[in-house]
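Letter by letter, the chains look like this.
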Amino acid sequence: MARFRRRTCIILLLFILFICSIMMALKTLRPDRAGFGDPFGLGLLPELQQRTVLLDSKQNSLNRVQADPVTRVNNLHSIAVNTMKASLPPVNKLEEELSSPNYNFHIFYYSWFGNPQFDGKYIHWNHPLLPHWDPKIANNYPKGRHNPPEDIGANFYPELGSYSSKDPSVIEAHMKQMRSASTGVIVLSWYPPGMADENGEPTDDLVPVILDYAHKYSLKVTFHIEPYKDRDDRSMYHNVKYIIDKYGGHPAFYRHKTSTGRFLPMFYVYDSYVTIPEIWANLLTVSGSQTIRNTPYDALFIALLVEERHKHDIHRSGFDGMYTYFATNGFSYGSSHHNWASLKAFCDSNNLMFIPSVGPGYIDTSIRPWNNHNTRNRVNGKYYETAFSAALLVRPEVISITSFNEWHEGTQIEKAVPKRTGQMVYLDYKPHKPNVYLELTQKWSEKYRKEQEQWLM
């Protein structure tokens, strides 16, 4: 028995010596400044090597922890994980900082602005003052054009100044603002290649850049087809085919999930009512001579409703839904909040989408000085919130926002700043911050999400 005990003691002593030698060997590999609790080996990882200051600051608190070795190991692991998170790529950090996108919130966006630095001249900021159609009234108002950068065709002044829509830093700033507002789909004003509005230049070549930046911020892009020259069933088919062929493969290209489970592109069609229903039916009904239905280019087509009678024309034309666009409550039948319930009921009974358009206010007297009667004061955000409240009452599948940056009509939610120049004093968002309408949009996006969950229960 005594011999067995001696043998056991010798074995135990050898084991202890072995452990001690291993610890001494490890100690020689560690920095001289390392204490017992130092996370040995973490400095070998490039991501963590950049954070040695952070680890040092954690050292004293770790040494003060009176706990068993398991607790110390858990604390050490927590520091390593948090440090690695701090070194993630910027896009991942971006996802954490910004509100999640709401793909049921669509926002109208304009890429028609230009300045000398990027375009060789000012575009749209120098908008002309439009005359009234009655010469007697027109004679009572000023004529001419605005003279940027101090004098622009808007009643508010953008925080980014008289920017160019081609400026990559501007595009990125816009995407970040729209994402911070928890919108999800950009409705991009679009003319076919080589075409533009009467005060602008062609912008189709900007679409790839906008798609790329939208994708960076997890936003989607759809198209707001403007009333270009000779727009009819044939040209629409050609242009829809062009858009889908050229941009449909991009990850930021928007497709809407229908009630049947299909994912289809969506196109908003501005001033659709100027084309007679019979022409639209050629394109949008299954039996039409130029039908796009059941082809690779089939999509959801959303018509603009202005007058009440347009709802019947929209249905007869073969459109898939209607939107109201104008941010002026009472300006048209469609933009009047109290009519949204009956329009939603009509759409429900005819298998159409109803997309109400909400806006923060309206003022276009910088370009239509005679149109003061259609101004809608923002009332420090209350007008905007009233519009959202009215929209949520009808439980729409999608809400559209007029607009991110239609500065000429004063419907923008983009950041604006106070500015005074000569005799001109621009309106601003005071007493709130420049981002107040982005914050209000984010607030109502979250409210919509919560209420939608209850609608679907």
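Look up a bit, the structure's there.
This structure is a prediction, so every number in the text was calculated from the model and none was measured.

**Q** Honestly, the pairing of strand E1 (residues 105-109) in this entry has me stumped. Any pointers?
**A** A regular strand carries its side chains on alternate faces of the sheet. The buried fraction of E1 is high, at 5 of 5 residues. The alternating pattern of E1 places Phe105, Ile107 and Tyr109 and His106 and Phe108 on opposite faces, both of which are buried. Relative to strand E10 (residues 399-401), E1 is paired through 3 bridges, and the arrangement is parallel. In the strand pairing of E10, His106 is matched with Ser400. Of the pairings in the sheet, the one linking E1 to strand E2 (residues 185-190) comprises 4 bridges and is parallel in character. Within the sheet, the bridge partner assigned to His106 lies in E2 and is Val185.

**Q** What's the story with helix H12 (residues 310-317) in this structure? I'm lost.
**A** Owing to its 3.6 residues per turn, the α-helix aligns residues three or four sequence positions apart on the same side. Considered for burial, the residues of H12 that qualify are His310, Lys311, Ile314 and Ser317. Projected down its long axis, H12 carries its buried residues within an arc of 130°, all on one side. Residues of H12 that are buried make contact with helix H11 (277-284), strand E6 (300-304), strand E7 (321-323) and helix H13 (340-349). Following H12 by one or two positions, Gly318 adopts a phi angle in the positive range, close to 95°.

**Q** Is there a simple way to explain the packing of helix H10 (residues 233-247) against H11 in this structure?
**A** Think of two packed helices as two axes; the pair is described by the angle between the axes and how far apart they sit. The geometry of H10 relative to H11 is characterised by a closest axis approach of 9 Å and an angle of 40° between their N-to-C directions. Regarding H10 and H11, the two cross each other, and that crossing is right-handed. For the pair formed by H10 and H11, the contact residues are Asp233, Met236 and Tyr237 on the first element and Ile279, Trp280, Asn282 and Leu283 on the second. Grouping the constituent residues of the contact of H10 with H11 by class yields 5 nonpolar, 1 polar and 1 charged.

**Q** Honestly, the packing of aromatic side chains in this entry has me stumped. Any pointers?
**A** Note on aromatic pairs: each is described by the distance of the centres and the angle between the planes. Counted according to the given criterion, the structure contains 32 aromatic pairs. Pairing Phe108 with Tyr325 gives two aromatic rings, centres 5.1 Å apart and planes at 65°, and the pair type is edge-to-face. On the criterion of sequence distance, the pair formed by Phe108 in strand E1 and Tyr325 in the loop between E7 and H13 is long-range, its members being 217 residues apart. In this pair, the class of Phe108 matches that of Tyr325, namely buried. Ring pairs connect the aromatic residues Phe105, Phe156, Tyr384, Phe388, Tyr429, Tyr437, Trp444, Tyr448 and Trp455, which therefore count as one cluster. The ring of Phe156 is capped by Arg378, whose NZ or CZ atom sits 4.7 Å from the centre of that ring. Directly above the aromatic system of Tyr157 lies the positively charged group of Lys419, at a separation of 4.9 Å from the ring centroid.

**Q** What is the right way to look at unusual backbone geometry in this model?
**A** Of note, the amide linkage connecting Thr402 to Ser403 takes the cis form, showing an omega dihedral of 10°. Within the fold, Ser403 resides in the loop between E10 and strand E11 (420-421). Lys430 connects to Pro431 through a cis peptide bond whose omega is 10°. One can find Pro431 in the loop between strand E12 (424-425) and helix H15 (436-455). Located in the positive-phi region is Arg395, a residue other than glycine, with phi close to 50°. Take Arg395: it is sitting in the loop between helix H14 (382-393) and E10.

Conventions and cut-offs
Residues numbered from 1 in each chain as written. Predicted model: local features only at pLDDT ≥ 70, side-chain atom pairs only at ≥ 80, totals over all residues. Heavy atoms only, no water. Buried < 20%, exposed > 50% of the residue type's maximum accessible area, 1.4 Å probe, protein only. Helix = DSSP H or I, 4+ residues; strand = E, 2+ residues; numbered from the N terminus. Pairing = 2+ DSSP bridges. Arc of directions from axis to C-beta. Contact = heavy atoms within 4.5 Å. Axes fitted to C-alpha atoms, helices over the stretch in contact; angles between N-to-C directions. Left-handed = near helix turned anticlockwise from the far one by under 90°. Nonpolar A, V, L, I, M, F, W, Y, C, P; charged D, E, K, R; others polar. Phe/Tyr/Trp six-rings, centres within 6.5 Å; stacked < 30°, edge-to-face > 60°. Lys NZ or Arg CZ within 6 Å of the ring centre and 35° of its normal.

What is shown is where atoms sit, not what they do.
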